[in-house]
Amino acid sequence: MSAIVRSVNSVELDDLDRKITHALQIDGRVSFALVAEVLGVSDQTVARRYHRLRSAGILRVVGLPDTAGLVLWLLRLQCVPEAAATLAAGLAQRPDTSWVSLTSAGTEIVCFARASGHRRQDSALLGRLPRVAQVKAVSAYCVLRTYFGGATGWGPRASALDATQIGRLRPDRPTTAASHPPPDDIDRALFAALAIDGRSSLRVLAEATGLSTSAVQRRLENLRAAKALYFDVDIDTAALGYPTQAMLWLSVPPSELASVGTELAEHEEVAFAAATTGATNLAAIVGCRDIDDLYHYIEARLGTIPAVRHLETAPIFHQYKRAGNVPGTSR
């Protein structure tokens, strides 16, 4: 397992940790001094708390490129059991994957892959997997519409701050995106560094890109203004009190797809919900407090949605990668 994604032994965040996490979800590169001022603590306390949580693998800020123009694939890989862990770890090292997990008692890998188009040949990963001997079957679902997830973060769970505090922390940015040219090699180097640590100093980013610190600062501001770059908090759900995770595959009538997807997006248990191609047409990732809580979520929440005609549940046993890249990932 990577040095970034590892168990936190069900240790939950305390009230101050949650407030700091919520502040970082509002602006991943907000200064610790401003967070401290808003929370009424010292900036040393905020910095110490963040670095402690990050070094423990509980959370980190990651900077991610906007995926406009790219196609997101949700993959299910049926693997030879003894090879699944090694293959999952290898997939986690790829820059075009995210949320790499083992499900179904360790015999299935679920992950997301980004591609330049909707055809299999548009993805280097999709083209290679059928030739991997340890992979017995591949199911690839094209994500058609995301109802919750990605830049929207963990939404309903980020409720530690009040409206006044949120207003003080929210970055003052234009509502209309500015223009930015297509990503060049400098942008890609910047994205690669930020996908590992979204709070990397300007000096570190300058070394990664070959720019001066002032030029890196301007590049960051331009990318954010153009909404070509966003920051997310890559957090272990166990720390939020939801250590039991599962993949859900649902079938609903096409006419009900948007309404059900929108309803799922309002559930506090849901970390991701999207319409997809494939045998089922709606996929979700949920986090619950335990298996009993997962049962009650399925029975009491999903069971009351008449449009859900079919449901398959696959508990997530091990997570190798969340949203950000792991150290050593190549561009």
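Within an unreviewed UniProt entry, the label attached to the protein reads HTH asnC-type domain-containing protein, and the organism entered is Nocardia macrotermitis.

Novice: Break down the pattern of salt bridges for me, citing the residues and quoting the values.
Specialist: Considering all chains together, one arrives at 18 salt bridges under this definition. Between R219 and D184 there is a salt bridge, and its shortest N-O distance comes to 3.2 Å. Note that R219 is positioned in helix α9 (residues 213-225) and D184 in the loop between α6 (163-169) and α7 (185-194), a separation of 35 residues in sequence. The exposure class assigned to D184 is partly exposed, which follows from its relative accessible area of 30%. Between E207 and R203 there is a salt bridge, and its shortest N-O distance comes to 3.2 Å. Taken together, the residues span about one helical turn, with E207 and R203 both in helix α8 (residues 202-209) at a distance of four residues. The exposure class of R203 is exposed, given its relative accessible area of 52%.

Novice: Describe the pairing of strand β3 (residues 97-103), listing the residues and the values that go with them.
Specialist: The buried count for β3 comes to six of seven residues, which makes it a mostly enclosed element. Across five bridges, β3 lies against strand β4 (residues 108-115) in antiparallel orientation. Paired with S98 across the bridge in β4 is F112. What sits between β3 and β4 in their antiparallel hairpin is a turn of four residues, with S104 showing a positive phi close to 50 degrees. Pairing geometry for β3 and strand β10 (residues 310-321), over four bridges, is antiparallel. Across the sheet, S101 pairs through a bridge with Q319, a residue of β10.

Novice: Requested: an account of empty space enclosed by the protein, with residues and values cited.
Specialist: This model, assessed by the stated rule, comprises one cavity of 30 Å³ or more. Within this model, the largest cavity holds a volume of roughly 50 Å³. Lining the largest cavity we find W99, S101, V110, F112, Q245, M247, I285, I316 and Q319.

Novice: Lay out the packing of aromatic side chains with the relevant residues and their values.
Specialist: A complete count under the given rule lists three aromatic pairs for this structure. Geometrically, the ring pair formed by F32 and Y50 is tilted, given 5.7 Å between the ring centres and 50 degrees between the ring planes. Residue F32 is found in helix α2 (residues 32-39), and its partner Y50 is found in helix α3 (residues 43-55); the two are separated by 18 residues along the sequence. The burial state of F32 is the same as that of Y50; both residues are buried. Taking 4.9 Å as the distance between ring centres and 70 degrees as the angle between the ring planes, the aromatic pair formed by F112 and F272 counts as edge-to-face. With F112 in strand β4 and F272 in strand β8 (residues 270-276), this residue pair connects regions lying 160 residues apart in the sequence. When its relative accessible area of 3% is taken as the criterion, F112 is described as buried. Judged by its relative accessible area of 10%, F272 is buried. In this structure, R199 packs its charged tip against the face of Y50, placed 5.9 Å from the ring centre.

Calculation notes
Residues numbered from 1 in each chain as written. Predicted model: local features only at pLDDT ≥ 70, side-chain atom pairs only at ≥ 80, totals over all residues. Heavy atoms only, no water. Salt bridge = Lys/Arg side-chain N within 4 Å of Asp/Glu carboxyl O. Helix = DSSP H or I, 4+ residues; strand = E, 2+ residues; numbered from the N terminus. Buried < 20%, exposed > 50% of the residue type's maximum accessible area, 1.4 Å probe, protein only. Pairing = 2+ DSSP bridges. 1 Å grid on protein atoms, 1.4 Å probe; cavity = no way out; pocket = protein on both sides within 12 Å on 5 of 7 lines; lining within 4 Å. Points joined across faces, edges and corners; volume = space filled by probe spheres on them. Phe/Tyr/Trp six-rings, centres within 6.5 Å; stacked < 30°, edge-to-face > 60°. Lys NZ or Arg CZ within 6 Å of the ring centre and 35° of its normal.

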